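Given next are the chains, with one letter for each unit.
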Amino acid sequence: MFILMVVIFVLGYTMIALEHPLKIDKTASALLIGVLTWTVYALNSIDILSLGHNTEWNHITHGLQLGGQNLQETASHFLKHELSHHLVEIAEILFFLLGAMTIVEVVDHHQGFKLITDKITTTNKVKLLWILSVLTFFMSAALDNLTTTIVMVTLLKKLIDDKQTRWFFAAMVVLAANAGGAWSPIGDVTTIMLWIGGQITAGAIISMVFLPSLMNILVPLIILTFSMKGTTSRPKLAESHSHGSVSAGEQKLLLIVGVSALLFVPVFKTVTHLPPFMGMLLGLGVLWTLTEILHRSKPAENRSSMSVISILRRVDVPTVLFFLGILTAVSSLQSAGHLGLLAQWLDEVTGQNIFLIDIVIGLLSSIVDNVPLVAGAMGMYEIAHAGNFAQDGVFWELLAYTAGTGGSILIIGSAAGVAAMGMEKIDFIWYFKKISLLALIGYFAGVATFWGQQQFLPHENHGVVEGKVIVEERAEGEISDDTPVFLGNEVYVGVRKLVDENAVAPNDSIQAAH
C-alpha cells in the first residue's frame, strides 16, 4: 500500500500531463489523487506507519505497548492530526492565492492595468518579451513569484491577441517570476522558509543568488532574441471594453491602492510575523472598502457591476482547486515518508556532493512541489557552525536557487506555473515541447554562474578559517569571546584564542562581522 500511494500519484500526474488528449480537466485529476492518496494512507495507516518512515509517529509510539483497538485508534487520531496540520499550510497558500487573484481582478475590472499597457507601445515580439521579462524578474523579487505571475498574465490578456503567442509569453513570465523570486528572501515560499529557518540571511541570498537568477532568465532571452520573429496584435476588446462608469482618477487610485496592497504583504509579515495570507486579506479588505465608498453614489446598475461581490464570480476557482488537489497529494507522500526516503536516497547516490544534491532537488521540484523537498532538506541537514551547511553556506544558497528555479522546467512544477496554466489554460505537452528545454538551459546556466562565483569571486567563508589551525597556549594571545580579531580583510568575533597571524581557534559561535 505504501507503493500504491506512489502509483496513484504517478497515474494522476500522467492524467494531468495528458489533459487535452484525454479530455479530462486537470483539476479533476488533481482532486482525485489528492483524496485517493490520503484514502489509501488512512485505510492502511498501521501498516504504513509501522514502516517507520514518519519520525513524529516513531517519537509518539516509542516505548509504548499498543495493540489491537488502541493502536488503530492512535493511528486514526494521528492521521487526522497530520491531515489537519497539512491542511492549515495548504489553506494559507489557497487564501493567499484567492486574495491576490481577487485584488488583481478588482484592479483589472476598474481598468487600472490599462494605464500600464498604454505605456507599452511596442508590438515587436522580441522587444516586448524583454520588457515583460525584466519587469517580471524585478517585480517578483519585491512581491513574490505567484502574485507577480497573476498580475503579468492579466496584463498579457490586454497586450496579445493570439492564444499561442500569449501562451509563449505567459510561459516566459513563469521563468522570469521564478528566477526573480529565487534571489529575494520574500520572493518564493522556499526562500521564505530558508530565511525564517535561519539557513540564509537577506543580504547573503541577494548578493550570491542574484547573478545566477539573472542568468537563468537572461540565457533563454538571448536564445529567443535570435529565433523569435514578427509582431503582436492587441485584442480589440482591450481598447473598447468598458466596465460601468470609471473615471481616470478612479483608475489611478485603484491601481495605486491595489499594487500597494500587494507590496504591503511582505512588510506586514515582517512586522507582525503573521502568515502572508493575512496581509493579503487585509489588503483585499481595504480595497473592497474603498470600492464600496467610491461607487455608493452611482446608479444601482453600475454599482452592482463594479462591486467586489460581482468581481469574485470571475475569479478562477478551478485553479484554486487544482492547487488544493496537488498540494494535498504531495502532503500525503510527505506524511507517509516517501519524500524523506527520497531525500535519504539522494544523499547516498550523490555521495553527499552538495552541488549534485541541490541540482537534483531542483530538477525534482519540477515534478514534486518544492516546499516539501526544501522542508525535507532542512530536516536532513542541520545548520552547522561552519562550512557548507553553516548559515549562508554554499549548500543553502544554492538550494534557494535550484528549488526556486527548477520548477520552471515543467508547467506544474511551481506555483507560478500552475497559476499561469489555470489562467491561460496552457497545455502541459505544449509547454514541455516549447519551453522546458529553454528552462533547463537557463537552470544550468544559473548553476554554472553560481559555481563560477564560488571559484573566482571573493566570498566570505562563514565561520571557516582556511588552512591548518595549530592551537597553541599563549597567554598573550588569549582574548575574550567578544573581542574583534582581524584576519586579513576580515573581522571575526567569538574567538577564544589568537594563535598567530594566519589562524585562530574558533569556538562554536564564531561569526564573521563586517
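Below: a short report on this structure. The model shown is predicted, which means the values in this text are computed figures rather than measured ones. (Residues numbered from 1 in each chain as written. Predicted model: local features only at pLDDT ≥ 70, side-chain atom pairs only at ≥ 80, totals over all residues. Heavy atoms only, no water.)

Below, the discussion takes up the packing of helix H22 (residues 394-405) against helix H25 (residues 436-456). Think of two packed helices as two axes; the pair is described by the angle between the axes and how far apart they sit. Between H22 and H25, the least distance of the axes is 10 Å, while the angle of their chain directions is 165°. Taken together, the axis directions place H22 and H25 in an arrangement best described as roughly antiparallel. The handedness of the crossing between H22 and H25 comes out as right-handed. Along the contact surface, H22 presents Val394, Glu397, Leu398, Tyr401, Thr402 and Thr405, while H25 presents Gly442, Tyr443, Gly446, Val447, Phe450 and Gln454. Here the contact of H22 with H25 is composed, by residue class, of six nonpolar, five polar and one charged. (Axes fitted to C-alpha atoms, helices over the stretch in contact; angles between N-to-C directions. Helix = DSSP H or I, 4+ residues; strand = E, 2+ residues; numbered from the N terminus. Parallel < 35°, antiparallel > 145°, perpendicular 65-115°, else oblique. Left-handed = near helix turned anticlockwise from the far one by under 90°. Contact = heavy atoms within 4.5 Å. Nonpolar A, V, L, I, M, F, W, Y, C, P; charged D, E, K, R; others polar.)

Quick look at the pattern of salt bridges now. What the rule picks out here adds up to three salt bridges. The salt bridge involving Asp108 is made with Lys158; its shortest N-O contact spans 3.0 Å. With Asp108 in helix H6 (residues 68-109) and Lys158 in helix H9 (residues 145-159), this pair connects stretches of sequence that are 50 residues apart. Among the residues examined, Asp108 registers a relative accessible area of 8% and is labelled buried. A relative accessible area of 25% means that Lys158 is categorised as partly exposed. Lys298 is the partner of Glu250 in a salt bridge, and the nearest nitrogen-oxygen pair spans 3.0 Å. Of the two residues, Glu250 is situated in helix H14 (residues 248-272) and Lys298 in the loop between helix H15 (276-295) and helix H16 (300-306); the sequence distance between them amounts to 48 residues. Taken individually, Glu250 and Lys298 each receive the classification buried, so the pair is uniform in this respect. (Salt bridge = Lys/Arg side-chain N within 4 Å of Asp/Glu carboxyl O. Buried < 20%, exposed > 50% of the residue type's maximum accessible area, 1.4 Å probe, protein only.)

What follows is about the packing of aromatic side chains. Within the structure shown, the criterion is met by 18 aromatic pairs. Ring geometry for Phe395 and Trp396: centres 4.9 Å apart, planes at 80°, overall edge-to-face. Here Phe395 matches Trp396 in class, with each residue buried. Consider the rings of Tyr443 and Phe444, whose centres lie 5.3 Å apart with planes at 80°: the pair is edge-to-face. Three or more aromatic residues joined by ring pairs form one cluster here, namely Phe137, Phe138, Trp183 and Phe210. The positively charged end of Lys26 is found above the aromatic ring belonging to Phe322, 5.7 Å away from the centroid. (Phe/Tyr/Trp six-rings, centres within 6.5 Å; stacked < 30°, edge-to-face > 60°. Lys NZ or Arg CZ within 6 Å of the ring centre and 35° of its normal.)

A word on helix H19 (residues 338-349). The terminal C-alpha atoms of H19, which comprises 12 residues, lie 16 Å apart, in line with the 16 Å expected from a rise of 1.5 Å per residue. Those residues of H19 that sit buried are His338, Leu339, Ala343, Leu346 and Asp347. Count one or two residues on from H19 and you reach Gly351, which has phi positive near 65°. (Expected span 1.5 Å × (residues − 1).)

All chains considered together, the criterion is met by two cavities of 30 Å³ or more. Considering only enclosed or pocket space, the second largest cavity measures out at about 30 Å³ in volume. What lines the second largest cavity is Asp25, Lys26, Thr27, Asp316, Pro318, Thr319, Phe322, Gly422 and Lys425. Taken together, the elements giving at least two residues each to the lining of the second largest cavity come down to helix H3 (26-43) and helix H18 (317-336). Among the residues forming the lining of the second largest cavity, the class breakdown is two nonpolar, three polar and four charged. (1 Å grid on protein atoms, 1.4 Å probe; cavity = no way out; pocket = protein on both sides within 12 Å on 5 of 7 lines; lining within 4 Å. Points joined across faces, edges and corners; volume = space filled by probe spheres on them.)

Looking at the element boundaries, Trp38 is found in helix H3. Along the sequence, Trp38 and Thr328 sit 290 residues apart, while their C-alpha atoms lie 8.1 Å from each other. Contact partners of Trp38, with chain neighbours within four places excluded, come to Leu79, Glu82, Leu83, His86, Thr328, Ser331, Ser332 and Ser335.

For the pair helix H12 (residues 202-227) and H22, interaxial distance at closest approach is 9 Å and the crossing angle is 40°. Of the two possible hands of crossing, H12 and H22 adopt the one that is right-handed. Here Ala204, Ile205, Met208, Val209, Pro212, Ser213 and Asn216 of H12 lie close against H22, whose contacting residues are Glu397, Ala400, Tyr401 and Thr405. Each residue belonging to the contact of H12 with H22 can be placed in one class, and the counts come to seven nonpolar, three polar and one charged.

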